[in-house]
Amino acid sequence: MAFARSSLESLLSFSGCAGKNLDVEWYDFEVCSLERGPIRATGGILVEARRGLRSLQRAGTIVIPGWRNADEPPPQALINALRTAHAEGGRLVSICSGVFVLAATGLLDGHRATTHWRYADRLMSRFPKIRVEPDVLYVDAGNILTSAGSAAGIDLCLHIVRCDYGAEIANEIARRLVMPPHREGGQAQYVRDPIRSVATGGLAPLLQWAQAHLDEALRVEDLARKAAMSPRTFARRFREQTGTTPHQWLMHQRLLSAQRRLERNGESIDQIAEAVGLQTAATLRQYFGRVLGTTPTAYRRQFSVSSKAGRRVERNR
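Residues numbered from 1 in each chain as written. Predicted model: local features only at pLDDT ≥ 70, side-chain atom pairs only at ≥ 80, totals over all residues. Heavy atoms only, no water.

**Remarks on helix α2 (residues 76–87)**
1) Next: Taking 1.5 Å as the rise per residue, α2 with twelve residues should run 16 Å; its terminal C-alpha atoms sit 16 Å apart, in good agreement.
2) Next: Of the residues making up α2, those classed as buried are L78, I79, A81, L82 and A85. Viewed along the axis of α2, the buried residues span an arc of 165°, placing them on a single side of the element.
3) Next: On its buried side, α2 packs onto β3 (61–64), β4 (91–95) and α3 (99–105). (Helix = DSSP H or I, 4+ residues; strand = E, 2+ residues; numbered from the N terminus. Expected span 1.5 Å × (residues − 1). Buried < 20%, exposed > 50% of the residue type's maximum accessible area, 1.4 Å probe, protein only. Arc of directions from axis to C-beta. Contact = heavy atoms within 4.5 Å.)

**Brief notes about the environment of L156**
1) Next: As for its position among the elements, L156 is in helix α5 (residues 150–165).
2) Next: Sequence-wise, L156 and L145 are eleven residues apart; in three dimensions their C-alpha atoms are separated by 8.0 Å.

**A short note on the pattern of salt bridges**
1) Next: Applying the stated rule across the entire model yields nine salt bridges.
2) Next: Across the pair R68 and E72 runs a salt bridge, and its minimum N-O distance is 3.2 Å.
3) Next: Judged by relative accessible area, which is 38%, R68 ranks as partly exposed.
4) Next: The residue R264 makes a salt bridge to E168 at a minimum N-O spacing of 3.0 Å. With R264 in helix α10 (residues 246–264) and E168 in helix α6 (residues 167–176), this residue pair connects regions lying 96 residues apart in the sequence.
5) Next: Sharing partners across several salt bridges, the network here consists of R219, D222 and R225. (Salt bridge = Lys/Arg side-chain N within 4 Å of Asp/Glu carboxyl O.)

**Some details on the packing of aromatic side chains**
1) Next: Inspection of the entire model under this criterion finds seven aromatic pairs.
2) Next: Judged by centre distance (5.9 Å) and plane angle (75°), the rings of F238 and W249 are edge-to-face. Here the residue F238 occupies a position in helix α9 (residues 231–242), and W249 occupies one in helix α10, the gap between them amounting to eleven residues. W249 carries the same exposure label as F238, and that label is buried. (Phe/Tyr/Trp six-rings, centres within 6.5 Å; stacked < 30°, edge-to-face > 60°.)

**Things to note about a negative patch on the surface**
1) Next: A contiguous patch of negative charge on the surface is contributed by D215, E216, D270 and E274.
2) Next: Mapping E274 onto the fold places it in helix α11 (residues 269–275). (Patch = residues over 30% accessible without salt bridge, like charges linked within 9 Å, V, L, I, M, F, W, Y side chains within 5 Å. Areas by Shrake-Rupley, 256 points an atom, 1.4 Å probe, with all protein chains shown as cover. Lys, Arg positive; Asp, Glu negative; His and termini not counted. Charge placed at Lys NZ, Arg CZ, Asp CG, Glu CD.)

**Considerations on the sheet that holds β4**
1) Next: As summarised here, the arrangement of the four strands in space is β3-β4-β8-β7, forming an open sheet in which the pairing is mixed. Looking at the sheet topology across the chains shown, the edges are occupied by β3 and β7 (138–140). The mean inter-strand angle of the sheet, taken between neighbouring strand axes irrespective of direction, is 10°.
2) Next: Sheet topology note: the β4/strand β8 (residues 144–147) ladder contains four bridges and is parallel. Residue pairing for β8: L92 is matched across the bridge by I144.
3) Next: Strand contacts of α2: β3, β4 and β8, with the helix running at about 145° to β3, the strand carrying the most contacts. (Pairing = 2+ DSSP bridges. Axes fitted to C-alpha atoms, helices over the stretch in contact; angles between N-to-C directions.)

**Describing the nonpolar core**
1) Next: Counting residues in each nonpolar core, the largest one holds 28 residues, and the members touching the most others are L56, L82, F100, L108, L123 and I130.
2) Next: Listed by contribution, the elements that provide at least two residues to this core are β3, α2, β4, α3 and α4 (117–126).
3) Next: Sequence-distant contacts of I130, that is, excluding residues within four places in its chain, are made with A103, L108, D109, G110, H111, A113 and L123.
4) Next: Judged by nonpolar contacts, the second largest core, of 16 residues, contains A167, M251, L262 and L284. (Core = buried A, V, L, I, M, F, W, Y, C linked by side-chain atoms within 4.5 Å.)

**Some details on the side chain of R300**
1) Next: Inspection of the secondary structure puts R300 in helix α13 (residues 296–303).
2) Next: The side chain of R300 sits in the buried core without any salt bridge; E267 is the nearest counter-charge, 6.0 Å away.
3) Next: A distance of 3.5 Å separates a polar atom in the side chain of R300 from the backbone oxygen of L262.
4) Next: Engagement of the side chain of R300 in a polar contact is seen with the backbone oxygen of E267, the distance being 2.7 Å. (Polar contact = N/O pair within 3.5 Å; in protein donor to acceptor, adjacent residues only side chain to side chain.)

It is worth stressing that arrangement in space is one thing and function is another; only the former is reported here.
Structure (structure tokens):
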């Protein structure tokens, strides 16, 4: 198996320094390969794969960060190993051209998947049974997840961390990697407009103030007035410094705050909705379902501190 350079660097960031000193049982990371000896990756990097495909049998998550040639069929031994791992409950993840390896297993047939926009037409042509979505950053189809280019691979990795450990841990990892915890949009925008948690320019004090007043019914006009700008000028400056609109940024901050409260305290759903400026539990449920694909109650059940502690104890038994 051959790796794309930037995709491999992304994985090493997650498996190494990004996860240190966290109060959670972090992932164990290993590089395995069908081929023996060092693997020469793009850019002259040598990868020392110390494990063979037998390691896949005990892996909880298997990441394929790239494939050397989209037109080259993967070895049958690799295909068989991935099929077996998936049948035994392993989670399969691809970054960029790595989707061609997953596609060759047949496990993506009938399912949604994505890849880098340069490869999308080729993927659709060679594997017509796959529902290719060329405009998204990543696709979560349950135990099989696929992403676009290397940057989108980091987005997918953060999504996996968020699913496994909750929003607070995912946000901490994003801060350590100096990147936004979540990006709106997709490949059609060439991934140029990430949502940044705090602007680095002149609007930073205003955004920090807004984050501390999410319980208020803040409007774009209110923020523009506090910034001493016309709404039109404010909207332009806001997009320049944050990469999104004031309304989208506010909604994103409200949802992040709701996630943290669901993880950390015992407030009712109505209390949390009011505290983050969404007013009612029905509104909070509506946005949770639309953006996160779950309910506040289900999210709390999975990611509350007590639930995570219980899962850690269960894993250690």
